[in-house]
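For reference, the chains in residue letters:
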Amino acid sequence: MYVNVAVLKETQPLERRVALVPSVVPKLIKLGAKLHMQCGAGDAIKLGDSAFEDVVFIADRKALVGDADVVLAVQPPSPDVIGELKEGAILISFVYAEKEKALVQRLLEKKITCFAMERVPRITRAQAMDALSSQSALAGYYAVQLGAIHLARILPKITTAAGAIGPAKVLVIGLGVAGLEAIATAHRLGAVVEGYDVRPETQEQALSLGAKFVETGVDARGEGGYARVLSAEEKAKVAEVLTAHIQQADLIITTAAIPGRPSPKLISKAQVAGMKAGAVIVDLSAEGGGNCEDTRPGETTEVGAVTIVAPLNVPSLLGQDASELYAKNQYNLLALMMKDNIVKIDWTDAVLAGTALTHDGKLCSGNPEPGSKPPPKSAKPHTTRPDVKAA
Ligand SMILES: NC(=O)c1ccc[n+]([C@@H]2O[C@H](COP(=O)([O-])OP(=O)(O)OC[C@H]3O[C@@H](n4cnc5c(N)ncnc54)[C@H](O)[C@@H]3O)[C@@H](O)[C@H]2O)c1
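In what follows, the accompanying structure is described. As the structure is a computational prediction, the values presented were derived from the model and not from experiment.

Digging into the overall build of the chain
Step number 1: Assigned secondary structure in the chain consists of 12 helices and 19 strands.
Step number 2: A compact globule built from 391 residues should have a C-alpha radius of gyration of about 21 Å, and the chain, at 22 Å, falls within 12% of that.
Step number 3: Principal-axis analysis of the C-alpha atoms gives the chain an extent of 70 × 45 × 35 Å.
Step number 4: Across the 391 residues of the chain, 49% fall into the buried class.
Step number 5: Put simply, of all contacts in the chain between residues at least 6 apart along the chain, 63% involve residues at least 24 apart.
Step number 6: Surface exposure of the chain reaches about 17,700 Å², of which carbon and sulfur atoms provide 54%.
Step number 7: Side chains of the chain give 42 positive and 43 negative charges; the mean places of these two sets differ by 3 Å.

Okay, here's the thing in structure tokens:
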């Protein structure tokens, strides 16, 4: 007996990642998987079919998924794909249910057990499955690289016979996983770094990575360790303090997000107009509309003498590493439910119950199934960076 696992080739225009990489193949086989992939699934990151040993490649999607017990993907598959799955199969991918109503409807109709990667609980035990964090960390690193290549100046201090120049000033706004990685990267590259977030616990984290913290006196801790929306008065207070720091920065990286909401606007047109000539903003929140009023999602624009870079799907730009980490996140999730060549879902497991979106024709509440034992009380939120202190 074995578990039939199928890996889809991604079809969304900017998506280059793949849900399985060669290093994860032996691990899944050890759990009892028989692996199938759609032909060319790794092509976008230069992983040809021949790079995968012990995987059967199938060109026809319907033939690939029709027999699968478990289907792995990065982006939400189309409702048509779900129509091709056998009833009761398992799907593991990002889903973003609030934007994918037709997909969710199809998952319910086909009684698919769907684990949505964005729902992995942000608790200690689930860190190894937390794809939001693994992908955000890469995006935070890449934001600094993007900023550096758009700047007409260097980040570190360099001394030459003609004199010394630098270091550049970098301001990181929004100190979640991506923002902290951006701080660490900019600091490693020799820039003078400042960080700002509305969650006060990020102050200590920023300091421990070598940045100064911009203190605004506004505390906007929300539910579940996330930030809340600021009142108009709080926004004005923040803007007043931030303006001076924005004006001095050579590079600004913004990552601020509030779950389920458009990105908060933290840099106004007037603030952009007051920035240094040649300064660069890398807006990692472009997906949610951007943190700057002048951001045009998916584009790089010149606004006066300032360049605003607003890439979409940044982890995909680092597709090899992003796929490696994503595939490991999915493997770690599968390892909770696959043993001795079968799938057995323990609904008292807080990670599985929290990640499940649909099961047996019903939407999951995020809690273990009624009547089951409560999950162990190990749900202590913490930062994912091993080199910063837990909040
Ligand atoms: N396994 C875990 O325990 C775990 C893993 C990852 C993240 N987390 C926690 O989850 C939370 C969210 O992390 P994330 O990386 O997903 O963040 P996110 O992408 O939701 O948001 C990025 C940052 O933007 C900040 N922000 C929101 N509004 C802002 C504003 N108006 N001004 C300035 N900053 C603003 C948020 O506080 C957050 O730090 C954090 O508390 C993080 O430590 C826990």
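Structural notes on the side chain of Ser263
Step number 1: Its place among the elements puts Ser263 in the loop between β12 (251-254) and α9 (269-273).
Step number 2: Not counting residues up to four positions away in its chain, the partners in contact with Ser263 are Ala256, Ser285, Gly288, Gly289, Gly290 and Asn291.

Some points on the environment of Val229
Step number 1: Relative to the helices and strands, Val229 is located in the loop between β11 (212-213) and α8 (232-248).
Step number 2: Between the alpha carbons of Val229 and Ser263 there is a distance of 9.9 Å; along the sequence they are 34 residues apart.

Describing the pattern of salt bridges
Step number 1: Enumeration according to the criterion identifies 16 salt bridges in this entry.
Step number 2: Among the salt bridges present, the one from Lys86 reaches Asp69, with a minimum N-O distance of 2.8 Å. Of this pair, Lys86 sits in the loop between α3 (79-84) and β5 (90-93) while Asp69 is found in the loop between α2 (61-66) and β4 (70-72), placing the two residues 17 residues apart along the sequence.
Step number 3: Here Glu181 makes a salt bridge to Arg188, at a shortest N to O gap of 3.9 Å.
Step number 4: In this structure, a network of salt bridges that share partners links the residues Arg153, Asp250 and Lys276.

Section: the nonpolar core
Step number 1: Counting 43 residues, the largest nonpolar core has Leu20, Leu28, Leu72, Ile92, Phe115 and Leu333 as its most contacted members.
Step number 2: It is helix α11 (residues 319-334) that provides the largest number of residues to this core, a total of five residues.
Step number 3: If we skip the residues at most four places from it in the chain, Leu72 touches Val5, Ala6, Val7, Leu8, Ala19, Leu28, Ile92, Gln330 and Leu334.
Step number 4: With 29 residues, the next largest nonpolar core counts Leu155, Leu251, Ile253 and Val309 among its residues.

Some thoughts on the sheet that holds strand β15 (residues 306-309)
Step number 1: Taken in spatial order, the seven strands of this open sheet run β11-β10-β9-β12-β13-β15-β14, and their pairing is mixed. A single partner strand is all that each edge strand has here, and the edge strands are β11 and β14 (300-303).
Step number 2: In terms of strand pairing, strand β10 (residues 192-196) meets β11 through two bridges, oriented parallel. Following the sheet pairing, Glu194 is matched in β11 by Lys212.

A closer look at the packing of aromatic side chains
What characterises a pair of aromatic rings is the spacing of the ring centres plus the angle enclosed by the ring planes.
Step number 1: Here the structure, examined in full by the defined rule, presents four aromatic pairs.
Step number 2: Both rings, one in Phe115 and one in Trp347, keep their centres 6.2 Å apart while their planes meet at 15°; by these two values the pair is stacked. Within this pair, whereas Phe115 is found in strand β6 (residues 113-116), its partner Trp347 is found in the loop between β17 (342-343) and α12 (350-355), the two being separated by 232 residues in sequence.
Step number 3: When its relative accessible area of 0% is taken as the criterion, Phe115 is described as buried.
Step number 4: The class of Trp347 is buried, set by a relative accessible area of 13%.
Step number 5: In this arrangement the basic side chain of Lys99 is found over the ring face of Tyr96, its NZ or CZ atom lying 5.2 Å from the centre.

So, the pairing of strand β2 (residues 33-38)
Step number 1: In terms of burial, β2 is a largely internal element, five of the six residues being buried.
Step number 2: For strand β1 (residues 3-7) and β2, the ladder comprises five bridges, and the chain directions are parallel. Bridging from a neighbouring strand, Val7 pairs with Met37 of β2.
Step number 3: Remark: the β1/helix α1 (residues 25-31)/β2 crossover connection has right-handed handedness.
Step number 4: Inspection of the sheet shows β2 paired to strand β3 (residues 55-58) by four bridges, in the parallel sense. Counterpart to Leu35 in the pairing with β3 is Val55.

Here we look at the packing of helix α5 (residues 131-150) against helix α6 (residues 177-188)
Step number 1: At a minimum axis distance of 7 Å, the contact between α5 and α6 shows a crossing angle of 40°. Comparing their axes, α6 and α5 come out oblique. Of the two possible hands of crossing, α5 and α6 adopt the one that is right-handed. Taking contact as the criterion, the partners of Ser133, Ser136, Ala137, Gly140, Tyr141, Val144 and Gln145 in α5 are, on α6, Val177, Ala178, Glu181, Ala182, Thr185 and Ala186.
Step number 2: Tallied by class, residues from the contact of α5 with α6 come to seven nonpolar, five polar and one charged.

Concerning α6
Step number 1: The first and last C-alpha atoms of α6 sit 17 Å apart over 12 residues, in line with the 16 Å expected at 1.5 Å per residue.
Step number 2: Residues Val177, Ala178, Gly179, Leu180, Glu181, Ala182, Ile183, Ala184, Thr185 and Ala186 constitute the buried set of α6.
Step number 3: On its buried face, α6 is in contact with α5, β9 (169-173), β10, α7 (202-208) and β12.
Step number 4: Residue Gly190 follows α6 closely and has a positive phi angle near 95°.

Conventions adopted
- Residues numbered from 1 in each chain as written.
- Predicted model: local features only at pLDDT ≥ 70, side-chain atom pairs only at ≥ 80, totals over all residues.
- Heavy atoms only, no water.
- Helix = DSSP H or I, 4+ residues; strand = E, 2+ residues; numbered from the N terminus.
- Rg over C-alpha atoms; globule rule 2.2 N^0.38 Å.
- Buried < 20%, exposed > 50% of the residue type's maximum accessible area, 1.4 Å probe, protein only.
- Contact = heavy atoms within 4.5 Å.
- Areas by Shrake-Rupley, 256 points an atom, 1.4 Å probe, with all protein chains shown as cover.
- Lys, Arg positive; Asp, Glu negative; His and termini not counted.
- Charge placed at Lys NZ, Arg CZ, Asp CG, Glu CD.
- Salt bridge = Lys/Arg side-chain N within 4 Å of Asp/Glu carboxyl O.
- Core = buried A, V, L, I, M, F, W, Y, C linked by side-chain atoms within 4.5 Å.
- Pairing = 2+ DSSP bridges.
- Phe/Tyr/Trp six-rings, centres within 6.5 Å; stacked < 30°, edge-to-face > 60°.
- Lys NZ or Arg CZ within 6 Å of the ring centre and 35° of its normal.
- Right-handed = clockwise from strand over helix to strand, strands pointing away.
- Axes fitted to C-alpha atoms, helices over the stretch in contact; angles between N-to-C directions.
- Parallel < 35°, antiparallel > 145°, perpendicular 65-115°, else oblique.
- Left-handed = near helix turned anticlockwise from the far one by under 90°.
- Nonpolar A, V, L, I, M, F, W, Y, C, P; charged D, E, K, R; others polar.
- Expected span 1.5 Å × (residues − 1).

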